[in-house]
Amino acid sequence: STPPFQFDKSKDYSCFYIPQEIAPHDLNQNAEEVFLTFYPEFKSLFDELKKSKNADHQAKLHEQITDSGFYQIEQNYKSYLKTFHFEHVHAPLKQLSGGEQKKVLLALGLSSPAKLILWDEPTNHLDIETIKLFEGELELTPQAFILITHDRYLLSKLCKRIFQIKNGIIESFTGSYTDYLDYLQLQETHRQSLLNKLRNSLSRETAWMRQG
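Residues numbered from 1 in each chain as written. Predicted model: local features only at pLDDT ≥ 70, side-chain atom pairs only at ≥ 80, totals over all residues. Heavy atoms only, no water.

## Things to note about the confidence of the model for the protein chain
Okay, step 1: In the predicted model, the protein chain carries a mean pLDDT of 90, and 94% of its residues have values of at least 70.
Okay, step 2: Of all helices and strands in the protein chain, the one with the weakest mean pLDDT is helix α8 (residues 177-211) (82), whereas helix α5 (residues 98-111) scores best (98).
Okay, step 3: Counting contacts from residues 1-5, a segment whose pLDDT is below 50, to residues more than four positions away or on other chains yields three contacts. (pLDDT = per-residue confidence, 0-100. Helix = DSSP H or I, 4+ residues; strand = E, 2+ residues; numbered from the N terminus. Contact = heavy atoms within 4.5 Å.)

Right, here's the structure in full:
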């Protein structure tokens, strides 16, 4: 049987990672240019197209680009930029605030066709309005996603399973973050109850040994 939480790559598995920040060496690009950075398979096709001088080869490359779904993904990406009121499409990203750069990352993740989206601290640097827009989009997405975040409200609202990594061990809990906190509180109550029983037992045994 397949172990839990293991993805079968033979079944058209795909994953798309959205980092906390855009890499420093990519900040000289604008929002349109950085899109290709996150899709190296598309970038290689366009690089090859620029170098090609053969008409038949160029036509073949155009066909590959179209068949790859590039234009639909790019259109979705631009649409999400508008959703987040991003208006600096042609400005180098290094000239923009952390919040504006973050909107580019949100649009990249939401437009990705991958089966699993990994979000690393997606709400950092964002204003409340943008966070609410992002929450609304995640509530509607048919894709699976994993949030790595300190935003407890976001976890409580959107997540159905919590993973805690402690002492090198991954603990899985099915339910919202609020449910998980209740579970931890219950566990702590049980732990304290057990400690009290052990203390009482030790006290009785110590007294018995002294009497004996």
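## A word on the sheet that holds strand β2 (residues 116-120)
Okay, step 1: The three strands are arranged β1-β2-β3 in an open sheet whose pairing can be described as parallel. In this open sheet, the two strands that pair with only one neighbour each are β1 (15-18) and β3 (144-148). Sheet twist, expressed as the mean angle between neighbouring strand axes with direction ignored, is 15°.
Okay, step 2: Examined bridge by bridge, β1 and β2 share four bridges and lie parallel to one another. Bridging across to β2, isoleucine 18 finds its partner in tryptophan 119.
Okay, step 3: Each of β1 and β2 is contacted by α5, which is oriented at about 165° to β2, the strand it contacts most. (Pairing = 2+ DSSP bridges. Axes fitted to C-alpha atoms, helices over the stretch in contact; angles between N-to-C directions.)

## Focus on the packing of helix α2 (residues 40-51) against helix α3 (residues 55-67)
Okay, step 1: Orientation of α2 relative to α3, taken along the N-to-C sense of each, is 160°, at an axis distance of 10 Å. Relative to α3, the element α2 is oriented roughly antiparallel. The two elements α2 and α3 meet at a crossing, and its hand is left-handed. In this structure, α2 contributes Leu45, Phe46, Glu48 and Leu49 to the contact, and α3 contributes His57, Gln58, Leu61, His62, Gln64 and Ile65.
Okay, step 2: Here the contact of α2 with α3 is composed, by residue class, of five nonpolar, four polar and one charged. (Parallel < 35°, antiparallel > 145°, perpendicular 65-115°, else oblique. Left-handed = near helix turned anticlockwise from the far one by under 90°. Nonpolar A, V, L, I, M, F, W, Y, C, P; charged D, E, K, R; others polar.)

## Some points on the nonpolar core
What tends to happen in soluble globular proteins is that the nonpolar side chains get buried as a cluster.
Okay, step 1: With 47 residues, the main nonpolar core has Tyr77, Val104, Leu108, Trp119, Phe134 and Leu147 as its most contacted residues.
Okay, step 2: When residues in this core are grouped by element, the largest group, six residues, is from α5.
Okay, step 3: Not counting the four nearest positions on each side in its chain, valine 104 is found in contact with Ile22, Ala31, Val34, Tyr77, Leu81, Phe86 and Leu93. (Core = buried A, V, L, I, M, F, W, Y, C linked by side-chain atoms within 4.5 Å. Buried < 20%, exposed > 50% of the residue type's maximum accessible area, 1.4 Å probe, protein only.)

## Regarding a nonpolar patch on the surface
Okay, step 1: On the surface, a nonpolar cluster with roughly 340 Å² of combined accessible area is contributed by Phe163, Ile165 and Ile170.
Okay, step 2: Its place among the elements puts isoleucine 165 in strand β4 (residues 161-166).
Okay, step 3: With relative accessibility at 65%, the residue isoleucine 165 sits in the exposed group. (Patch = residues over 30% accessible without salt bridge, like charges linked within 9 Å, V, L, I, M, F, W, Y side chains within 5 Å. Areas by Shrake-Rupley, 256 points an atom, 1.4 Å probe, with all protein chains shown as cover. Salt bridge = Lys/Arg side-chain N within 4 Å of Asp/Glu carboxyl O.)

## Focus on the packing of aromatic side chains
Okay, step 1: Going through the model one piece at a time under the given rule, you end up with 13 aromatic pairs.
Okay, step 2: Where phenylalanine 70 meets tyrosine 71, the ring centres are 5.1 Å apart and the plane angle is 75°; that geometry is what we call edge-to-face.
Okay, step 3: According to the relative accessible area criterion, phenylalanine 70 is buried, its value standing at 3%.
Okay, step 4: Put simply, the rings of Phe16, Phe35, Phe38, Tyr39, Phe42, Phe46, Phe70, Tyr71 and Tyr77 pair up and form one aromatic cluster. (Phe/Tyr/Trp six-rings, centres within 6.5 Å; stacked < 30°, edge-to-face > 60°.)

## Overview of helix α4 (residues 70-83)
Okay, step 1: For α4, with 14 residues, the first-to-last C-alpha span of 20 Å sits near the 20 Å given by 1.5 Å per residue.
Okay, step 2: Regarding α4, the residues found buried are Phe70, Ile73, Tyr77, Tyr80 and Leu81. One face of α4 carries all of its buried residues, which in axial projection span an arc of 105°.
Okay, step 3: Close packing links the buried residues of α4 with α1 (31-37), α2, α3, α5 and α6 (128-140).
Okay, step 4: Taken from the residues just after α4, histidine 85 is the one with a positive phi, measuring 60°. (Expected span 1.5 Å × (residues − 1). Arc of directions from axis to C-beta.)

## A closer look at α2
Okay, step 1: Under the 1.5 Å per step criterion, the end-to-end length of α2 is 16 Å for 12 residues, consistent within 8% with the ideal 16 Å.
Okay, step 2: Taken together, the buried positions of α2 are occupied by Phe42, Leu45, Phe46 and Leu49. Along the axis of α2, the buried positions cluster into a sector of 95°, meaning they face one direction only. More than 90 degrees from the buried face of α2, the exposed residues found are Pro40 and Lys51.
Okay, step 3: Buried residues along α2 sit against α1, α3 and α4.

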